[in-house]
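Analysis of the macromolecular model
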Amino acid sequence: MLSDRLLDLFTHHKAQEVLSNVNLYQLSVVALALALTTVIIDYGYMLWLRSKMPPGPFPWPIIGNTFSLPENKPWIYFEELSKKYETPLITFWIGRNPTIWINDAWCAHEILEKKAQIYASRPRMVVFGELGTGQNNLVTMRILNNNDRDHWRIHRKLMHLGVGVQSVRGYRDIQNNESKVVALDYLREPNEYVKHLERYATSVVSIIAFGRRVASYNDPIITEVIALMQLAADLNVPGKSFPMLLETFPSTMSSPYPRPPTGISVLVVGAGFAGLTTAIECHRHGHSVTIYESFPTLKSLGDIISFGANGGRIFARWSDGDIAAKLRSLSIDLTQYGFRIHKYDTGEVVYHQPTPPQNPEAPVFNGHRGELHQVVFEYARDELGIEIHLGRRVEGYFEDEEKAGVVLGGGERVTADIVIGADGVRSKARQLVLGFEDKPKSSGYAVWRAWFPNTDMIRDPRTSEFCSNGDTFNGWIGPDVHFLFSTIKNGSDCCWVLTHRDEHDIDESWSFPGKLEDVYKVLEGWDPICKAIVEKTPSLVDWKLVYRDPLPTWVSKHARILLVGDSAHPFLPTSAQGATQAMEDGVTIAVCLRRAGKEGLQAAVRTYQEIRYDRVRAVQKTGETTRDRWHKTDWEKVAKDPESVAFPREDWIHQHDAEKHAEEVFDEIFKRFIGPDKGQSEPLLPSEELVAVA
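Bear in mind that the values here come from a model prediction, so they are computed numbers and not experimental data. (Residues numbered from 1 in each chain as written. Predicted model: local features only at pLDDT ≥ 70, side-chain atom pairs only at ≥ 80, totals over all residues. Heavy atoms only, no water.)

With respect to the side chain of Arg 612
- As for its position among the elements, Arg 612 is in helix H22 (residues 601-631).
- Of note is the side chain of Arg 612, whose polar atom sits 2.7 Å from the side chain of Asp 585.
- Every residue in contact with Arg 612, bar those within four places of it in the chain, is listed here: Trp 554, Gln 581, Glu 584, Asp 585 and Thr 588. (Helix = DSSP H or I, 4+ residues; strand = E, 2+ residues; numbered from the N terminus. Polar contact = N/O pair within 3.5 Å; in protein donor to acceptor, adjacent residues only side chain to side chain. Contact = heavy atoms within 4.5 Å.)

Here's what the structure looks like:
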């Protein structure tokens, strides 16, 4: 937000000093000056845009020509404007948005028929399109690029199949008969010609679609439809009612309730990235959501975490991009440096992998887990007002056909329509969903992890280069080991992870303090730079990667409890997709619940699993393939094809839009779980297809 960004320019002390010397009157003057400046700049942009468009009435700032639009028979008004400006095309401003009105049939044919094959455009219609009817009809479909234009053309062709010239000829007799009736009606009641025309049009459509003729303009099929159309038109015209803000300033869609409340209550267990994303997305889609988290306070735990472009696309939609901007300032920037992959023993850079340019609609984030988490946590709690109960451990889950709930420490029971387990691989919801307790086993691998300031690194000539040239990312790969090192925040913070073989037995606690001596043994015979980096580490964590059989289902018997994130599908670190796939889960269940409505919740939960399951399994496997690519490197092959050791960035993973995908496939999948032959949450994973995940 603007106020946050202004305060960031000052230190905390300076901000307090400035504010203490400013009274309410001065603040009001500054606010007014900023508002006027903004209006002037925006109006200048409107006038510049007007100079590029067909003529029309001069717009006012912000409101445009909205209040010049007549309540009734607007076509007469626009016909008069066409005569006044001597053109069939008129620019009329609905709020800040210019719309082109075509007032001549031949002109409309020339533009909409002949030119439509090479050009298609629609104004953004927030209330009608994005919040109401969606993006799958010709009137409200938003068109921003060539893919959208192709989408529009397909819908246009489909429409023409049903109501094109050839099809309409088959309805000619119906139209002729109704034309005779409407001509007689004109003679009887000339003053009601508008109602007669409405009856005529409605009757023709009703006969063709339903075999029912409409004989009177007082028929409810006319009065109710016309009333609905008038209401919709009123909502769509800024200044006539509340949605003026949404149509005139589309960015206000990021306000807490961009969609109408659904009446669905959701209880989320866990306030990690999976839980927070699920809660935020449920909130965005109109559900009432509450989070329960066992930690009593927010702690800045962990080290580096990665979010691919498929996760960045989700962040970018929050708070009109403000959250993504905050995360970007805390994340590594490898635009110039890229990723340098070294041979483990010689230190030779065998491949320099460039970093793709940042896409503002789908940015990539790599930063400290605790710092990024705090941004998302504060957005959920402070900006959206989501109810988060800290220090409330969930001891059990329960459900029936009507509701679900949790048992908190002390025995308190809390219920909701849906309960979502987002509290990691130890989640007690796993036991309820599976019907038994699954124990972790050693995967044969472990990871040492560390995060520390650059103080000692910058003093050592061997390592100072990593901290003196902005953000960096380097990897050394060897037999069954890989060592990744990065500097972040312009080189001020350092982070490394080392994955290696480890056969130790583990119990339910698999994170321990690490020992530098153990790391040195693994790095014997490696590039000396690796040890030079590690020896600057004040402390490290020994994290055992555990084996978990993939769950055959993420949904409970009554489909009132479901799992997301690590609770459902833990990932190997080499996938770099664990947190992002958890975010995709949260988006998908939020969409499914809204689309199904309160009466279809159980089918919505099963639909969520069906949408997500196969994709998650496929992405999980990339963690194993990447690890094996580095741990079993064929160096002769690398000499011929250095790119063979690159970290994979596959489009089917990173270009995925979870929200758009859920919207597109929901209907087809949802119908499998409703009706007399509705499906149940049968296990989706064949028993012979179990693989190791961590």
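The structure having been displayed, the exposition proceeds.
Some remarks on the environment of Phe 377
- Along the chain, Phe 377 turns up in helix H16 (residues 369-383).
- Judged by its relative accessible area of 2%, Phe 377 is buried.
- Counting along the chain gives 11 residues from Phe 377 to Ile 388, while the straight-line C-alpha distance between them is 9.4 Å.
- Residues contacting Phe 377, with those up to four places away along its chain left out, are Leu 276, Leu 298, Ile 388 and Leu 390. (Buried < 20%, exposed > 50% of the residue type's maximum accessible area, 1.4 Å probe, protein only.)

Let's talk about the packing of aromatic side chains
- By the definition in use, this model includes 21 aromatic pairs.
- Taken together, a centroid distance of 5.4 Å and an interplanar angle of 70 degrees make the contact between Tyr 77 and Phe 78 edge-to-face. Like Tyr 77, the residue Phe 78 is buried in the burial classification.
- Judged by centre distance (5.1 Å) and plane angle (80 degrees), the ring pair of Phe 307 and Phe 315 falls under edge-to-face.
- Within the aromatic cluster, the residues linked to one another by ring pairs are Phe 273, Phe 307, Phe 315, Trp 318, Phe 365 and Tyr 379.
- The aromatic ring of Phe 398 is capped on one face by Arg 413, whose charged end is 3.9 Å from the ring centroid. (Phe/Tyr/Trp six-rings, centres within 6.5 Å; stacked < 30°, edge-to-face > 60°. Lys NZ or Arg CZ within 6 Å of the ring centre and 35° of its normal.)

Quick word on the nonpolar core
- Counting 83 residues, the largest nonpolar core has Phe 307, Trp 318, Ile 386 and Val 406 as the members making the most contacts within it.
- Considering each element in turn, this core owes the most residues, 10 residues, to helix H21 (residues 578-596).
- Residue contacts for Phe 307: discarding those within four places in its chain leaves Phe 273, Phe 315, Val 364, Phe 365, Leu 372, Ala 579, Thr 580 and Met 583.
- In terms of nonpolar packing, the next biggest core, distinct from the first, is built from 29 residues, Trp 496, Leu 523, Ile 533 and Leu 540 among them. (Core = buried A, V, L, I, M, F, W, Y, C linked by side-chain atoms within 4.5 Å.)

Some remarks on the environment of Gly 565
- Here Gly 565 is to be found in the loop between strand E20 (561-563) and H21.
- Given the relative accessible area of 0%, Gly 565 is considered buried.
- Separated by 19 residues in sequence, Gly 565 and Glu 584 have C-alpha atoms that sit 8.8 Å apart.
- Leaving out residues up to four positions away in the same chain, Gly 565 has contacts with Ala 274, Ala 582 and Asp 585.

Description of the sheet that holds strand E12 (residues 413-416)
- The three strands are arranged E10-E11-E12 in an open sheet whose pairing can be described as antiparallel. A single partner strand is all that each edge strand has here, and the edge strands are strand E10 (394-399) and E12. Along the sheet, successive strands turn relative to each other by an average axial angle of 25 degrees, direction set aside.
- Sheet topology places E10 next to strand E11 (residues 404-408); five bridges connect them, and they run antiparallel. Pairing of Val 394 across the sheet is with Leu 408, part of E11. (Pairing = 2+ DSSP bridges. Axes fitted to C-alpha atoms, helices over the stretch in contact; angles between N-to-C directions.)

Focus on the pairing of strand E1 (residues 89-94)
- Counting buried residues along E1, six of its six residues qualify, which places the element largely inside the surrounding structure.
- The turn linking E1 back onto strand E2 (residues 97-102) is made up of two residues, and Gly 95 within it adopts a positive phi angle of 65 degrees.

Re the pattern of salt bridges
- One pass over the full model with this rule turns up 36 salt bridges.
- For the salt bridge of Arg 284 with Glu 281, the shortest nitrogen-to-oxygen distance reads 2.8 Å. A residue pair is termed a helical-turn pair when its members lie 3 or 4 positions apart in one helix, as Arg 284 and Glu 281 do in helix H13 (residues 273-284) at three residues.
- Of the charged contacts, one joins Asp 542 and Lys 544 as a salt bridge, the two residues approaching to 2.9 Å between their closest N and O atoms.
- Where salt bridges share partners, they join Glu 281, Arg 284, Arg 313, Arg 317, Asp 657 and Glu 659 into one cluster. (Salt bridge = Lys/Arg side-chain N within 4 Å of Asp/Glu carboxyl O.)

Topic: the sheet that holds E20
- Pairing in this open sheet of five strands is parallel, and the strands run E9-E4-E3-E13-E20 from one edge to the other. Two strands close off the open sheet at either side, each with one partner strand: strand E9 (387-389) and E20. Between one strand and the next, the sheet's axes are offset by a mean angle of 20 degrees, whatever the strand orientation.
- Note: strand E3 (residues 265-269) against strand E13 (residues 418-421), four bridges, orientation parallel. Across the sheet, Leu 267 pairs through a bridge with Val 419, a residue of E13.

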